[in-house]
Amino acid sequence: MTRTWSNAPAYAEVVRIGIRSMLAYRTRFFFSALQIIVQIYVLRVVFTSVYAGQGSVDGITLRTTVVYLTLANLQGFFSSSFLDYFIRSRVREGKIASELARPVGFLGQMLALQIGSTLAMLPLLVVAFPLAWLVGGMSGPASAGYGALYAVSLALAYVIIVLLGLIMGISAFWTLETTGIAMIYSLVAQFFAGALVPLWFFPGPLRVVANLLPFQAMGFVPVSIYLGLPDGGNPLAALGLQCFWVVALYLFARWFWGRAHHRVVIQGG
Amino acid sequence: MPIITADNLVKEFRLPKRYGGPLGGLRTLFTPAYTVKRAVDGVSFTVDEGELVGYLGPNGAGKSTTIKMLTGILVPTSGMLEVAGLVPWERREENALRIGVVFGQRSQLWWDLPLIDSLRLVGKLYRVPAERYRRNLDRFTELLGLGAFLQTPVRQLSLGQRMRGDLAAAMLYEPPLLYLDEPTVGLDVLAKERMRSFIAEVNREHGTTIILTTHDLADVEKLCRRIIFIDQGKVLYDGPVQRLKEQFAPWRELVVQLVPDGGELPPDELFDLPGVEVARREGAKVWLRFDPKLIPAPRLIAQVTARCPVSDLAIVEPELAGVVRGIYAEREAALTP
Ligand SMILES: Nc1ncnc2c1ncn2[C@@H]1O[C@H](COP(=O)(O)OP(=O)(O)OP(=O)(O)O)[C@@H](O)[C@H]1O
Ligand SMILES: [Mg+2]
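Numbering of residues begins from 1 in every chain and follows the order in which that chain's sequence is written. Throughout, the order in which chains and ligands are written sets their labels, letters from A for the former and numbers from 1 for the latter. Where totals are concerned, whole chains, interfaces and linings use all residues; where local detail is concerned, this predicted model gives features only for residues with pLDDT of at least 70, and gives and counts side-chain atom pairs only at 80 or more. Only hydrogens and water are set aside when side-chain values are computed; all heavy atoms of the structure are taken into account.

### Comments concerning the overall build of chain B
And then number 1: Counting its regular elements, chain B contains 11 helices and 13 strands.
And then number 2: Each principal axis of the C-alpha distribution contributes one length, and for chain B these read about 75 × 55 × 45 Å.
And then number 3: Summary of the burial criterion: residues with accessible area below 20% of their type's maximum are buried, those above 50% are exposed, and those between are partly exposed, where the area comes from a 1.4 Å probe applied to protein chains only. A buried classification covers 49% of the 337 residues belonging to chain B.
And then number 4: Long-range contacts, defined here as pairs at least 24 residues apart, represent 70% of the contacts in chain B between residues at least 6 apart.
And then number 5: Accessible surface, chain B: about 15800 Å² in total, of which carbon and sulfur atoms supply 52%. Each helix corresponds to a stretch of at least 4 residues labelled H or I by DSSP, and each strand to a stretch of at least 2 residues labelled E; elements are numbered beginning at the N terminus. The contact definition used throughout considers only heavy atoms, calling two residues in contact when any of these lie within 4.5 Å. Method for areas: the Shrake-Rupley scheme with a 1.4 Å probe, in which residue coverage is limited to the protein chains shown.

If you want it as structure tokens, here you go:
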């Protein structure tokens, strides 16, 4: 424990580096925010035509669905993890040697970098939030209580997203060339997180699959808590499920890293 | 007391059979087929505190792989390694505090950020007290001439500037051990000279133990007393630079400036003596390669001067580069059937 605390200034500096290097890419990152805004707009148009003037589908109003999609996409963008991409490209180029040769733990460094990059993104919310509201739709939480639960759920979702990014990144130590896998992964994750279609519209068997995967805990769970669980369910059970995934993924990430770091291969001379 | 002890180190790489296509990565993941490459094959050596050792060998000999094991980022397949009483890969973080590493081919600096940001990060990661950090930063800024580009993003630096930045990053916390993997690669003559005097000074003034790999043998001749020469993962030679020359290039050369005798230059056959051959000839200048065991230098000189008029004589030691070239050539010949 004492060692961890003596490393606190080191981690703080890594957070700072994370912020600074994210800011170095501000243009690119500004455009990917725009892309999310466009995606929200397209989803709204699509679902409006799906509803075809009906007041509600499966007991859920168009308004609820649009707010869901707006929040899910906005939240997904600002809570995204770049660790998968970062670790994978560092491993491929052999640059991961730098992080591995440091006197502080690899996982800690990665988490600090992630926090830094998220902090660097947050100010963009000032522009992105009103835009998303405009092209999509927004409303307050179902109640103050749901609002508070949403905050907790969002924090848990962020931890799950980061852990999954870390695990995907670590898998690069085995596969080395995983561009194909990474692309499929991000599509599958986005879909099962409910960013394109709310999980309440999933047909029975697909919904069962979605419920078994960790991805719903990244996006669907917090947003539907915000909306007061329009398709039913207990908010505490939903939070409990998220906690389960946090613990499970954390344990898995530790174990996985333990394996990886014994079979590290550094590419290139 | 040795600070580094390597005993029978072996590192094998398992190369999975790769499949192409967009899902190739996935197939690779689930196929057990692989080939084995022995990059380091039973390497043993010890290094004493304060030594500056040249770690040499042709491309693919296993030098970088050895360095990676020394830093603890690679786990050897078998064998033992102890660095300052620690097994590097078992206590990776503790080991990291005592070593500085420069991989000339890749940088530890943050590509998009000003050089100073990476240096500050190093200061924090290695827990350098603020005051000592200041002092060392000032010192390295002066010694390595970093002042002009401390605020420049690393991606905008020239190779030589980046390399100096990397060296500063590796030494900011004054590690007692330094591994330099090709620190002079791609540098111009002047930059190399500066790099060398910097390395020499660090070794001399601070007693830093240094292992240096390079393909520029001038680095070795200027800096190292001892070299370890490896080839195909095996140690071929370990000892003083001088003895490598004696062992692999037992000859010396006598350079003779001839005086034309009545307009005629003597033919090569004139120097047909046991243990002597004409290595090179440029008009009136002849390089005679001789084996001092068969014909001592004074006798050769006496014989030559007796046979023809001579205006100048010089005995040259074989250059390390020439010796190493000879070793590589022999190896190539042995490898091609
Ligand atoms: N990550 C890796 N995966 C597979 N094989 C590797 C890997 N790294 C090195 N090798 C192989 O191990 C051998 C030794 O490589 P190494 O990089 O240690 O050579 P080197 O002596 O540093 O060469 P150079 O002078 O070219 O830098 C080479 O044959 C190389 O192909
Ligand atoms: Mg190398």
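### A word on the overall build of chain A
And then number 1: Looking only at helices and strands, chain A has 13 helices and 2 strands in total.
And then number 2: Based on C-alpha atoms, the radius of gyration is set beside the globule rule, defined as 2.2 Å times the residue count to the power 0.38. Relative to a compact globule of 269 residues, whose C-alpha radius of gyration would be 18 Å, chain A shows 20 Å and is just as compact.
And then number 3: For chain A, the C-alpha atoms occupy an extent of roughly 65 × 40 × 35 Å along the three principal directions.
And then number 4: Out of the 269 residues belonging to chain A, those deemed buried represent 51%.
And then number 5: A fraction of 81% describes how many contacts in chain A between residues 6 or more apart in sequence connect residues 24 or more apart.
And then number 6: The distance from the centre of the 16 positive side-chain charges to the centre of the 7 negative ones in chain A is 6 Å. Charged-residue counts in this description rest on Lys and Arg as positive and Asp and Glu as negative, His and the chain ends being excluded. Lys charges are placed at NZ, Arg charges at CZ, Asp charges at CG and Glu charges at CD.

### Focus on the pairing of strand β6 (residues 177-181) of chain B
Residue and element names in this part refer to chain B.
And then number 1: A large share of β6 lies buried, amounting to 5 of its 5 residues.
And then number 2: Side chains Leu177, Tyr179 and Asp181 project from β6 onto one buried face, and the interleaved Leu178 and Leu180 project onto a second face that is buried too.
And then number 3: In terms of strand pairing, strand β5 (residues 99-103) meets β6 through 5 bridges, oriented parallel. Paired with Gly100 across the bridge in β6 is Leu178.
And then number 4: Here β6 pairs with strand β7 (residues 209-213) via 5 bridges, running parallel. Across the sheet, residue Asp181 finds its bridge partner in β7, namely Thr213.
And then number 5: Seen with the strands pointing away from the viewer, any crossover whose path from the first strand over the helix to the second strand runs clockwise is right-handed. With helix α7 (residues 189-206) bridging β6 and the parallel β7, this β-α-β connection has right-handed handedness. Pairing between strands requires that DSSP locate at least two bridges from one strand to the other.

### Remarks on the sheet that holds strand β11 (residues 276-282) of chain B
All names here are of chain B.
And then number 1: With respect to topology, 4 strands assemble into an open sheet ordered β11-β12-β10-β13, the strand pairing being antiparallel. Single-partner strands in this sheet number two, and they are β11 and β13 (310-316). With direction set aside, neighbouring strand axes in the sheet form an average angle of 20 degrees.
And then number 2: Bridge count for strand β10 (residues 252-258) against β13 is 6 bridges, and the pairing is antiparallel. Among the inter-strand pairings, Gln257 is bridged to a residue of β13, identified as Asp312.
And then number 3: Between N-to-C directions, angles cover 0 to 180 degrees, with each direction set by a line fitted to C-alpha atoms, over the stretch in contact for helices. Each of β10, β11, β12 (285-290) and β13 touches helix α10 (residues 297-307); the most contacted strand, β13, lies at about 160 degrees to it.

### Observations concerning the interface of chain B and chain A
And then number 1: With 34 residues of chain B at the contact, the number on the chain A side is 43 residues.
And then number 2: Considering only the surface of chain B that becomes buried against chain A, B:Arg106, B:Trp110 and B:Leu125 emerge as the three largest contributors, covering 18% of it.
And then number 3: Throughout this description, the term salt bridge denotes a Lys or Arg side-chain nitrogen within 4 Å of a carboxyl oxygen of Asp or Glu. Summed over the shared surface of chain B and chain A, the number is 2 salt bridges.
And then number 4: For the salt bridge of A:Arg16 with B:Asp117, the shortest nitrogen-to-oxygen distance reads 3.7 Å.
And then number 5: Here a polar contact means two N or O atoms within 3.5 Å. Within protein one must be a hydrogen donor candidate and the other an acceptor candidate, and residues neighboring in sequence count only if both atoms are side-chain atoms. The interface formed by chain B and chain A holds 7 residue pairs in polar contact (both at pLDDT 80 or more) in total. In this description, buried area is defined as the sum, over both parts, of the accessible area (probe of 1.4 Å) that is lost when the two are combined.

### Looking at a nonpolar patch on the surface
And then number 1: Each patch is built from residues lacking any salt bridge and having more than 30% relative accessible area; the joining distance is 9 Å for like charges and 5 Å for nonpolar side chains (Val, Leu, Ile, Met, Phe, Trp, Tyr). The grouping of A:Phe30, A:Phe31, A:Leu34, A:Val126, A:Val127, A:Leu131 and A:Leu134 at the surface amounts to a nonpolar patch, some 670 Å² of accessible area in total.
And then number 2: In terms of residues, the nonpolar patch owes the most to one element, helix α8 (residues 125-135) of chain A, which gives 4 residues.

### Quick look at the nonpolar core
And then number 1: As used in this record, nonpolar core signifies buried Ala, Val, Leu, Ile, Met, Phe, Trp, Tyr and Cys residues forming a set joined through side-chain atoms within 4.5 Å. If you look at the biggest cluster of nonpolar residues, it comprises 157 residues, and the most contacted ones within it are A:Ile87, A:Phe173, B:Ile4, B:Leu81, B:Leu119 and B:Tyr179.
And then number 2: Per element, the largest residue contribution to this core is 14 residues, and it comes from helix α9 (residues 144-175) of chain A.
And then number 3: Residues in contact with B:Tyr179, not counting those within four places in the same chain, are B:Ile4, B:Ile67, B:Leu70, B:Thr71, B:Val83, B:Ile99, B:Gly100, B:Val101, B:Val102 and B:Ile211.
And then number 4: In this structure, A:Ala33, A:Ile36, A:Ile40 and A:Phe77 belong to the second largest nonpolar core, which totals 15 residues.

### Notes on the sheet that holds strand β8 (residues 226-231) of chain B
To summarise the sheet geometry, strands pair through backbone hydrogen bonds and adopt either a parallel or an antiparallel arrangement.
All names here are of chain B.
And then number 1: Strands sit in the order β5-β6-β7-β3-β8-β9 across an open sheet of 6 strands; the sheet is mixed. This sheet does not close on itself; its edge strands, each paired only once, are β5 and β9 (234-240). For this sheet the average axis-to-axis angle between neighbouring strands, irrespective of direction, equals 15 degrees.
And then number 2: Bridge count for strand β3 (residues 52-56) against β8 is 4 bridges, and the pairing is parallel. Within β8, the residue paired with Gly54 across the bridge is Ile227.
And then number 3: The sheet strands contacting α7 are β3, β6 and β7, and the helix crosses β7 at an angle near 155 degrees.

### Description of the packing of helix α5 (residues 83-93) of chain A against helix α7 (residues 106-121) of chain A
Residue and element names in this part refer to chain A.
And then number 1: The geometry of α5 relative to α7 is characterised by a closest axis approach of 11 Å and an angle of 130 degrees between their N-to-C directions. Comparing the axis directions of α5 and α7 gives the class oblique. Note on packing geometry: the crossing formed by α5 with α7 is right-handed. Of α7, the residues touching α5 (which contributes Leu83, Phe86 and Ile87) are Phe106, Met110, Leu113 and Gln114.
And then number 2: All residues other than Ala, Val, Leu, Ile, Met, Phe, Trp, Tyr, Cys, Pro, Asp, Glu, Lys and Arg, Gly among them, are scored as polar; the first ten of these are nonpolar and the last four charged. For the contact of α5 with α7, the class distribution of residues is 6 nonpolar, 1 polar and no charged. With respect to orientation, any angle under 35 degrees is reported as roughly parallel, any angle over 145 as roughly antiparallel, any angle of 65 to 115 as roughly perpendicular, and every other angle as oblique. Helix crossings get a hand from a simple test, with the near helix turned counterclockwise from the far one by less than a right angle marking a left-handed crossing and a clockwise turn marking a right-handed one.

### Here's the deal with α7(A)
Residue and element names in this part refer to chain A.
And then number 1: Between the first and last residue of a helix there are one fewer steps than residues, each counted as 1.5 Å, and that sum is the expected span. Counted at 1.5 Å a residue, the expected span for α7 with its 16 residues is 22 Å, and the 23 Å between its end C-alpha atoms agrees.
And then number 2: Among the 16 residues of α7, 12 are classified as buried, and the element is accordingly described as predominantly covered.
And then number 3: Of the residues making up α7, those classed as buried are Phe106, Leu107, Gln109, Met110, Ala112, Leu113, Gln114, Gly116, Ser117, Thr118, Ala120 and Met121.

### Considerations on unusual backbone geometry
Most peptide bonds take the trans configuration, and most residues that are not glycine carry a negative phi.
And then number 1: Here the phi dihedral of A:Leu229 falls at roughly 50 degrees; this positive angle occurs in a residue that is not glycine.
And then number 2: Along the chain, A:Leu229 falls in the loop between α12 (220-226) and α13 (235-262).

### Regarding the domain arrangement of chain B
And then number 1: Under the domain assignment used here, chain B contains domain 1 (2-246) and domain 2 (250-317).
And then number 2: Domain start and stop positions are those given by an automatic or database domain assignment. A straight line from the C-alpha centre of domain 1 of chain B to that of domain 2 of chain B covers 45 Å.

### Here's the deal with the pattern of salt bridges
Residue and element names in this part refer to chain B.
And then number 1: Under the criterion given, the structure shown has 28 salt bridges over all chains.
And then number 2: Among the salt bridges present, the one from Glu12 reaches Arg38, with a minimum N-O distance of 2.9 Å. In this pair, Glu12 is assigned in strand β1 (residues 2-16) and Arg38 in strand β2 (residues 34-48), connecting sequence segments 26 residues apart.
And then number 3: Residue classification places Glu12 among the partly exposed residues on the basis of a relative accessible area of 24%.
And then number 4: Accessibility expressed as a relative area gives 39% for Arg38, which makes it partly exposed.
And then number 5: Between Lys222 and Glu193 there is a salt bridge whose closest N-O contact spans 3.9 Å. In this pair, Lys222 sits in helix α8 (residues 217-223) while Glu193 sits in helix α7, placing the two residues 29 residues apart along the sequence.
And then number 6: Among the residues examined, Glu193 registers a relative accessible area of 35% and is labelled partly exposed.

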